[in-house]
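Descriptive structure summary
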Amino acid sequence: MVKAYLRYEPALTFGVIASPESNVCYDPSGRLLLAGALDRLAAWDLKRGLPSVSFAPSSSSSSLAVFCIASSPSAAVSSSIASGHADGSIRLWDAETGACEATLHGHRSAASALRFAPSGAVLASGSKDCDVILWDVVAQAGLFRLRGHRDQVTDLVFLDSGKKLVSCSKDKFIRVWDLETQHCLQIVGGHRSEIWSMDVDSSERFLVSGSVDPELRVFRIRQSAEEGEDWSKWDVLKLFGEIPRQSKERVATVRFNRDGTLVACQAAGKTADIYRVLDETEAMRKAKRRMHRKKEKASAKSMIAEGNGTVIDPSPAQDLQNPAVTVTDVFKLLQVLRASKKICSVSFSPSNPPRGCLATLSISLNNNTLETYSVDSEKVSKMYSIEMHGHRSDIRSVSLNSEDNLLMSTSHNAVKIWNPSTGDCLRTIDSGYGLCSAFVGNRFALVGTKSGTLEIIDIASGSLTEVIEAHAGSIRSIVPIPDEDGTVGARGFVTGSADHDVKFWEYQQLQKFDNDSKQLTVTNVRTLKMTEDVLAVSISPQGKHIAVALLDCNVKVYHMDTLKHFLTLFGHKLPVLCMDISSDGALIVTGSADKNLKIWGMDFGDCHKSIFAHSDSVMDVKFVYRTHYMFSVGKDRTVKYWDADKFELLLTLEGHHAEVWCLTISSRGDFIVTGSHDRSIRRWDRTEEQLFIEEEKEKRLEETFEADLDNDNEYRYGQKDDAPDEGSVGVPGRKTKETVTSADAIMDALDTAEEELKRLNQHKLEEQNNGRAAKFQPNVIMQGYSPSDYVLNVVSSIRPNDLEQALLALPFSDALKLMSYLKEWSLVPSKVELVCRVCLVLLQTHHNQLTTTPAARSLLTELKDILYCRVKECKDTIGFNLAAMDHLKELLAMRSDAPFRDAKAKLMEIRQELSKRSDRPDGNEKRKKKRKKASGES
């Protein structure tokens, strides 16, 4: 009988606040900050410091890492949040429920830029494949692909109410696209290096772009009133000037605030420059003051020159009366934000700032932290910080207590205690660089550090009670000593260190203090001297043997009571980094930097099997209690489940985005916890679903075959040598497994419907000839549908984003069959849009064959008349509904409370105008003079 195992599946991921690869932005309401957390998103409530909504994909993989996020400026569209992932897919999310509304496939490599149009109904995405794709958010389908850039697209901006799109790239060029005609209007050069970011203000006066150059480039945007100026016929952008930057690092992000009065330039370092954008009146006043100072300097020079007998030409009078406004007159450096760590991304809050502040700015740091600052004219002050929910660096060890209700994790400067069921952080204790850890009951914990100290932590109070100088080198292992009855950690523990020592420790009596608090103390009772650095230590469950892994690639086993040598396990080509002994003491497994697992017998030390386990170093291995099943983790980012008796791989668990350093297994084996270099902690739960070894082997072979197929059919990155045509347009989607499956489903449905029609015609013919025939038995596969409705149901079930690629894969014979059903489908009002889309794709694809096929001419003539009428009816219906909604809007505006509906906005405008007047120094002086005159007259 084939043996069945129980499957483990991902259950919970926690510990990551913000990924350094992703940007941050606010949701449409402006209350929550969106941050990418590896393969998922989190919406953070900054005031409470808690995640409000989590956006998680159905599957977990490193290829789904979030690279960019965008939120819609309009909350009218349900899918108001978009995320771009490492595999090139775009996901649309519901901001309220966190549900994934659609997954759009079009890019061949990682998405690098996202931007919603002002209406929120169109989304633009840029990628490392050098293409820009426009998506219809409502229809959840691609519109068209724009080709022209020769390197990664880094940022996107909409202009002219979404009619134009501006894209920048690492190829040092900015391109302006007309979305109505789908062609490139303008190519803007001037940057001497890669362009990394750009943004436009809300009034569309200026576009600011940043690169590795030591200055920002500012472009004026063409307005309708500037037709008579010295603009070229097709130019949309015109260079206005350059702003010197404060940092020498490259620009990472450029963003305007909501009203366009501030612009932040974040460098790829620890600083962000914040500039004030003056309006036209203030800029002209500043230009006049500049020209006045220039005139004074010129007059002073002329007086000196007259004294020397030389003549200097005076400045033209028109320049002094109507000075030209330069970029330095408009953009003024306001503040420089200096963070404690490297800044990854910045975002202005779209909501109203607190009283006395100009704006609220949120940043993400590369140490897994989110910070929010208030910006005013005098300083930048921190308001909120989110850092408790994750470690600042990678996680080096994880351990569970005896009851499996507390989880401890260590990193370079802190120990955190978690609830493994919910992922909530219960305690954070400052510590040294923890490499290993263990619980002592439920009250205390032990941490071995890189500096060789042993730290004792009181979990209840969340404090570090004692630091013991235990070793001269880093402590690599802490292993509790079990009793003969199997009670873990009751007698003491063992530490192994790089100073060649294995030390045995015992717990002393708990000392009581005046406040009835207790403290744990430990004493070194024995020391085992080794000849090499100790990398790992393991003790058999009955406490009979102790195994020590050394730097010389060998494992030595000693008797626990006498410390006499028992066995030497040799065979690894590189040092053994981890090992574990089964609960019955029969097997010991060792994992090494040579990527192999070796299973040994504890009775004679013979090697039962050597398994090539991981594609990189094996970092940790553990047996499941009371079984010979084991889990291993490695630098190849995977977790693997093994049967040590059959030497078979049972399951490969993927999800981590970096090296997996450690794992721990619950006492019942119902879940495991892993810690990784990506700062995440993942819990994998055992389910009731059974798995079989042969089935898993077949699945792995299929996945390998499909991956090879994808690599053969499509290149991974954009072809830089063979550049695309200037401003060319392409199909937005791409061929995927889903599109191939959808095409097969359509062809199967067409064949089934054709067979059913033949059976129906034959049955009618028999009924006419015989006068009476048996009752017709329909095909069960068609589920009671007619042939036409059955094909329509199959086509309608295909995702809108996959429909075009599925239709492109159809041969001409099947395309002709499908077009024969369009006439009948057009009579269904809700399917007119689908019919038009199918007809358009098939016409564009098979145009030459359709025009030369006599049987298709009559079909095309009928479709031309029918579809035109049906589309006109739908258009009239939509127009009638829009007119009705406008009428309802007018009725609501006529209500008694209507005059106050814009009161808040008008009040904010008045306050903003008053604040601007108070900021003007000349205005204050004029008011003072008026008051003095008034007091003198009285």
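Conventions we followed
- Residues numbered from 1 in each chain as written.
- Predicted model: local features only at pLDDT ≥ 70, side-chain atom pairs only at ≥ 80, totals over all residues.
- Heavy atoms only, no water.
- Pairing = 2+ DSSP bridges.
- Helix = DSSP H or I, 4+ residues; strand = E, 2+ residues; numbered from the N terminus.
- Axes fitted to C-alpha atoms, helices over the stretch in contact; angles between N-to-C directions.
- 1 Å grid on protein atoms, 1.4 Å probe; cavity = no way out; pocket = protein on both sides within 12 Å on 5 of 7 lines; lining within 4 Å.
- Points joined across faces, edges and corners; volume = space filled by probe spheres on them.
- Buried < 20%, exposed > 50% of the residue type's maximum accessible area, 1.4 Å probe, protein only.
- Phe/Tyr/Trp six-rings, centres within 6.5 Å; stacked < 30°, edge-to-face > 60°.
- Lys NZ or Arg CZ within 6 Å of the ring centre and 35° of its normal.
- UniProt positions renumbered as here; feature names shortened; annotations may be inferred.
- Core = buried A, V, L, I, M, F, W, Y, C linked by side-chain atoms within 4.5 Å.
- Contact = heavy atoms within 4.5 Å.
- Polar contact = N/O pair within 3.5 Å; in protein donor to acceptor, adjacent residues only side chain to side chain.
- Patch = residues over 30% accessible without salt bridge, like charges linked within 9 Å, V, L, I, M, F, W, Y side chains within 5 Å.
- Areas by Shrake-Rupley, 256 points an atom, 1.4 Å probe, with all protein chains shown as cover.
- Salt bridge = Lys/Arg side-chain N within 4 Å of Asp/Glu carboxyl O.
- Left-handed = near helix turned anticlockwise from the far one by under 90°.
- Nonpolar A, V, L, I, M, F, W, Y, C, P; charged D, E, K, R; others polar.

The subject of this paragraph is the sheet that holds strand β33 (residues 425-430). In spatial order, the strands read β30-β31-β32-β33; together these 4 strands make up an open sheet with antiparallel pairing. Edge positions in the sheet fall to β30 (397-400) and β33, since each of these pairs with one other strand and no more. Going across the sheet, the axis of each strand differs from the next one's by a mean of 15°, ignoring polarity. Sheet analysis places β30 next to strand β31 (residues 407-410), joined by 4 bridges and oriented antiparallel. The residue of β31 that forms the bridge with S397 is T410.

All right, on to the sheet that holds strand β15 (residues 164-169) then. Strand order in the open sheet made by the 4 strands is β14-β15-β16-β17, with antiparallel pairing throughout. Of all the strands in the sheet, just β14 (153-159) and β17 (183-188) have a single pairing partner and so form its edges. Taking each pair of neighbouring strands and ignoring which way they run, the sheet shows an average axis angle of 20°. Direction of pairing for β14 relative to β15: antiparallel, over a ladder of 6 bridges. Bridge assignment links F158 to a residue of β15, and that residue is L165.

Moving on to empty space enclosed by the protein. One simple way to see leftover space: roll a probe sized like a water molecule over the atoms. Inspection of the entire model under this criterion finds 1 cavity of 30 Å³ or more. Approximately 30 Å³ is the volume found for the largest cavity. As for the largest cavity, its lining consists of A141, G142, P732, G733, P800, N801, E804, Q805 and R837. Among the elements of the structure, β13 (141-147) and α7 (800-808) are those that each provide at least two residues to the lining of the largest cavity.

Next up on the list: unusual backbone geometry. Working note: non-glycine residues mostly have negative phi, and peptide bonds are mostly trans. In this model, Q140 sits at a positive phi of 55°, which is unusual for a non-glycine residue. Relative to the helices and strands, Q140 is located in the loop between β12 (132-136) and β13. Take Q140: its relative accessible area is 21%, and that puts it in the partly exposed class. Look at C553: it is not a glycine, yet its phi comes out positive at around 75°. Residue position: C553 is located in the loop between β45 (545-550) and β46 (555-559).

Here the focus is the packing of aromatic side chains. Summed over all chains, the structure comprises 12 aromatic pairs. Taken together, a centroid distance of 4.5 Å and an interplanar angle of 10° make the contact between F631 and Y641 stacked. Taken as a pair, F631 in strand β53 (residues 629-634) and Y641 in strand β54 (residues 638-643) lie far apart in primary sequence, 10 residues in all. The exposure class assigned to Y641 is buried, which follows from its relative accessible area of 4%. Ring geometry for Y821 and W825: centres 5.9 Å apart, planes at 15°, overall stacked. Take Y821 and W825: they sit in the same class, and that class is buried. Above the ring of W196, the side-chain terminus of R250 is found at 3.7 Å from the ring centroid. For the cation-ring pair, R526 lies above F504, with the distance from its terminal atom to the ring centre recorded as 4.6 Å.

Turning to the UniProt feature "repeat: WD" (unreviewed entry) in the chain, a few remarks are in order. The UniProt record marks residues 59-103, 104-137, 146-187, 188-229, 388-428, 569-610, 611-652 and 653-685 with the feature "repeat: WD" (unreviewed entry), using the residue numbering of this structure. Between the C-alpha atoms that bound residues 104-137 the distance is 10 Å, and the span itself is 0% helix and 53% strand. For the annotated span residues 653-685, helix accounts for 0% and strand for 58% of the residues, and the straight-line distance between the end C-alpha atoms is 11 Å.

So, on to the nonpolar core. One finds V791, V795, L807, L818, W825 and V838 to be the most contacted residues of the largest nonpolar core, which totals 35 residues. Elements with a minimum of two residues in this core: α5 (737-770), α6 (787-797), α7, α8 (812-820), α9 (822-825), α10 (832-845) and α12 (854-893). Core analysis: the second largest hydrophobic core is formed by 18 residues, Y8, Y629, L651 and I665 among them.

Here the focus is the UniProt feature "coiled-coil region" (unreviewed entry) in the chain. The feature "coiled-coil region" (unreviewed entry), as annotated in UniProt, sits at residues 743-770 in this numbering. Along residues 743-770 the backbone is 100% helical and 0% strand, and the end-to-end C-alpha distance reaches 41 Å.

Quick look at the environment of N401 now. By secondary structure assignment, the location of N401 is in the loop between β30 and β31. Taking the C-alpha atoms as reference, N401 lies 9.7 Å from R443; in sequence the two are 42 residues apart. Aside from chain neighbours lying at most four places away, what touches N401 is L406, F439, G441 and N442. At 2.9 Å, the side chain of N401 forms a polar contact with the backbone nitrogen of D404.

Together, I878, L882 and M885 give the surface a local cluster of nonpolar side chains, amounting to about 310 Å² of exposed area. Position of I878 relative to the elements: it lies in helix α12. When its relative accessible area of 52% is taken as the criterion, I878 is described as exposed.

Quick look at the packing of α7 against α10 now. Remark: α7 packs on α10, axes separated minimally by 9 Å, with the N-to-C direction vectors making an angle of 35°. Where α7 crosses over α10, the handedness of that crossing is right-handed. Contacts between α7 and α10 pair P800, L803, E804, L807 and L808 from the former with L834, R837, V838, V841, L842 and T845 from the latter. Considered class by class, the residues forming the contact of α7 with α10 number 8 nonpolar, 1 polar and 2 charged.

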